[in-house]
Amino acid sequence: SISEEAYYGLAGEIVRAIEPFSEADPIAILANLLCAFGNCAGSNAHFLVEQTKHCMRLFTVLVGDTSVGRKGQSWSTLKHMFTEVDPDWAKERIKGGLSSGEGLIFNVRDARIEKKKNKTRGEKGEITYEDVVADCGVFDKRLFLIEEEFSKVLTTARPDGNTVGQMVRMAWDTGNLQPLSKTDPIKATNAHISITAHITSFELLQCFTRTDQANGYGNRFLWFFVQRSKLLSNPTGVPLISLNSHINKLKSALAFATTAE
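Here goes a summary of the coordinates provided. (Residues numbered from 1 in each chain as written. Predicted model: local features only at pLDDT ≥ 70, side-chain atom pairs only at ≥ 80, totals over all residues. Heavy atoms only, no water.)

**Some words on the layout of surface pockets**
In step 1: Within this model, the largest pocket holds a volume of roughly 430 Å³.
In step 2: What lines the largest pocket is a set of 23 residues, and nearest its centre among them are Leu-34, Cys-55, Met-56, Arg-57 and Leu-58.
In step 3: Elements that contribute at least two residues to the lining of the largest pocket include exactly helix 1 (9-18), helix 2 (26-41), strand 2 (52-55), helix 7 (164-173) and helix 10 (240-258).
In step 4: For the lining of the largest pocket, the residue count by class is 16 nonpolar, 3 polar and 4 charged. (1 Å grid on protein atoms, 1.4 Å probe; cavity = no way out; pocket = protein on both sides within 12 Å on 5 of 7 lines; lining within 4 Å. Points joined across faces, edges and corners; volume = space filled by probe spheres on them. Helix = DSSP H or I, 4+ residues; strand = E, 2+ residues; numbered from the N terminus. Nonpolar A, V, L, I, M, F, W, Y, C, P; charged D, E, K, R; others polar.)

**Things to note about the pattern of salt bridges**
Any two side chains of opposite charge can pair, so long as their charged atoms come close to each other.
In step 1: With the rule as written, the count across this model stands at 10 salt bridges.
In step 2: Two residues, Arg-142 and Asp-86, come together in a salt bridge whose shortest N-O distance is 3.2 Å. Separated by 56 residues along the polypeptide, Arg-142 in strand 7 (residues 142-147) and Asp-86 in the loop between helix 3 (76-85) and helix 4 (87-92) bring together distant segments of the chain.
In step 3: Residue Asp-135 pairs with Arg-109 through a salt bridge whose shortest N-O separation is 2.8 Å. Taken together, the positions of Asp-135 in strand 6 (residues 129-135) and Arg-109 in the loop between helix 5 (101-106) and strand 5 (112-117) put the pair 26 residues apart, joining distant regions of the chain.
In step 4: When salt bridges with common partners are traced through the structure, they connect Asp-86, Asp-140 and Arg-142 into a single cluster. (Salt bridge = Lys/Arg side-chain N within 4 Å of Asp/Glu carboxyl O.)

**Focus on the packing of aromatic side chains**
In step 1: Using the criterion set out here, one finds 10 aromatic pairs in the structure.
In step 2: With 5.6 Å between their ring centres and 70° between their planes, Trp-75 and Phe-144 make a pair best called edge-to-face. Linking Trp-75 in the loop between strand 3 (59-63) and helix 3 with Phe-144 in strand 7, this pair joins segments that are 69 residues apart in sequence.
In step 3: Here Trp-75 falls in the buried class, since its relative accessible area comes to 11%.
In step 4: Measuring from ring centre to ring centre gives 5.8 Å for Trp-89 and Phe-144, while their planes differ by 15°; the resulting arrangement is stacked. Separated by 55 residues along the polypeptide, Trp-89 in helix 4 and Phe-144 in strand 7 bring together distant segments of the chain.
In step 5: With relative accessibility at 0%, the residue Phe-144 sits in the buried group.
In step 6: Through a chain of ring-to-ring contacts, three or more aromatic side chains come together here, namely Phe-59, Phe-150, Phe-208, Tyr-217, Phe-221 and Trp-223.
In step 7: Sitting over the ring of Phe-106, Arg-109 keeps its end group 3.9 Å from the ring centre. (Phe/Tyr/Trp six-rings, centres within 6.5 Å; stacked < 30°, edge-to-face > 60°. Buried < 20%, exposed > 50% of the residue type's maximum accessible area, 1.4 Å probe, protein only. Lys NZ or Arg CZ within 6 Å of the ring centre and 35° of its normal.)

**A closer look at the state of the cysteines**
In step 1: Taken as a whole and judged by the stated rule, the model has 0 disulfides.
In step 2: You can see Cys-35 has no disulfide; the closest cysteine sulfur is in Cys-40, sitting 12 Å from it. (Disulfide = S-S within 2.5 Å.)

**Concerning the sheet that holds strand 8 (residues 192-199)**
In step 1: What the 5 strands build is an open sheet, ordered 4-7-8-3-9; its pairing is parallel. Whereas interior strands pair on both sides, the edge strands pair on one side only; in this sheet they are strand 4 (94-95) and strand 9 (222-225).
In step 2: Here 5 bridges tie strand 3 to strand 8, and the two strands are oriented parallel to one another. Note that in strand 8 the partner of Phe-59 across the bridge is Ile-195.
In step 3: In this fold helix 2 packs onto strand 3, strand 7, strand 8 and strand 9, with an angle of close to 160° to the strand it touches most, strand 8. (Pairing = 2+ DSSP bridges. Contact = heavy atoms within 4.5 Å. Axes fitted to C-alpha atoms, helices over the stretch in contact; angles between N-to-C directions.)

**Some remarks on helix 2**
In step 1: Its 16 residues place the ends of helix 2 22 Å apart at the C-alpha level, agreeing with the 22 Å of an ideal helix rising 1.5 Å per residue.
In step 2: Measuring from the backbone nitrogen of Ile-27 back to the side-chain oxygen at the start of helix 2 gives 2.9 Å, which picks out Asp-25 as the cap.
In step 3: Trailing helix 2 by a residue or two, Gly-42 shows a phi angle of about 85°, which is positive. (Expected span 1.5 Å × (residues − 1). Polar contact = N/O pair within 3.5 Å; in protein donor to acceptor, adjacent residues only side chain to side chain.)

**Quick word on unusual backbone geometry**
In step 1: One non-glycine residue, Glu-50, lies in positive phi territory at about 55°.
In step 2: Within the secondary structure, Glu-50 sits in the loop between strand 1 (46-49) and strand 2.
In step 3: Residue classification places Glu-50 among the exposed positions, given a relative accessible area of 72%.
In step 4: In this structure, Asn-190 is a non-glycine residue whose phi angle is positive, near 55°.
In step 5: With respect to the element layout, Asn-190 can be found in the loop between helix 7 and strand 8.
In step 6: By relative accessible area, which is 54% here, Asn-190 ends up exposed.

So this is what it looks like as structure tokens:
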């Protein structure tokens with residue numbers, strides 16, 4: 001269980017509206033809502049700890065049994081709501097399948113300019129160059145990762161040379177990602193990455209190593225044990241009148257958050 005204070009404000013209203021019509025754990029609904037809202041809002045909204053800027057980049061893990069944990073169902077209604085609020089974000093910036101650090105960077109990469117040698121020489125016969133766009137990059141730096149097989153992410157991070165664990169830590173800390181390689185020019189600055197992941201208790205015990213616990217990887221995630229809240233014979237979802245009202249409130253809250261300084 002979680003304290004009632006966690007269901008404060010609009011987030012609590014939305015969870016309470018969805019909960020009677022869903023078998024998902026209300027904790028899972030809340031975790032997904034906060035994680036998605038923070039990513040959809042972007043990096044403008046933040047708070048300061050001394051001079052360090054903390055944006056709303058949440059990493060959450062839902063720990064529960066397969067199927068009966070209803071981890072996936074906790075995103076069902078919220079996905080519809082955020083699609084109504086920001087269809088471009090819902091279509092283009094929600095992804096999954098995290099397998100490498102370079103792959104993570106690629107989805108939020110900066111534009112890349114390269115020097116290209118001109119075919120003709122200068123007035124004095126010197127070799128001249130011009131700047132050309134080698135990669136347009138990604139304009140929208142928001143990226144919401146839904147990892148339904150988090151055990152694969154944990155095991156992928158172990159082999160030597162795979163930088164996924166390092167890049168995930170950098171994504172949470174600063175949003176500036178770049179592999180330490182002389183040959184790989186790809187990088188991302190001011191990326192706004194959020195993660196919500198699913199794993200079973202058994203997989204967590206098997207895959208989450210002492211190294212993961214000691215190197216700060218696990219500390220960047222909020223861990224929630226979730227289970228089916230109830231058994232519904234025919235889940236029909238939240239009535240549209242109520243749902244549309246909360247969608248409008250969510251839209252207003254996001255409009256405010258995206259313009260915050």
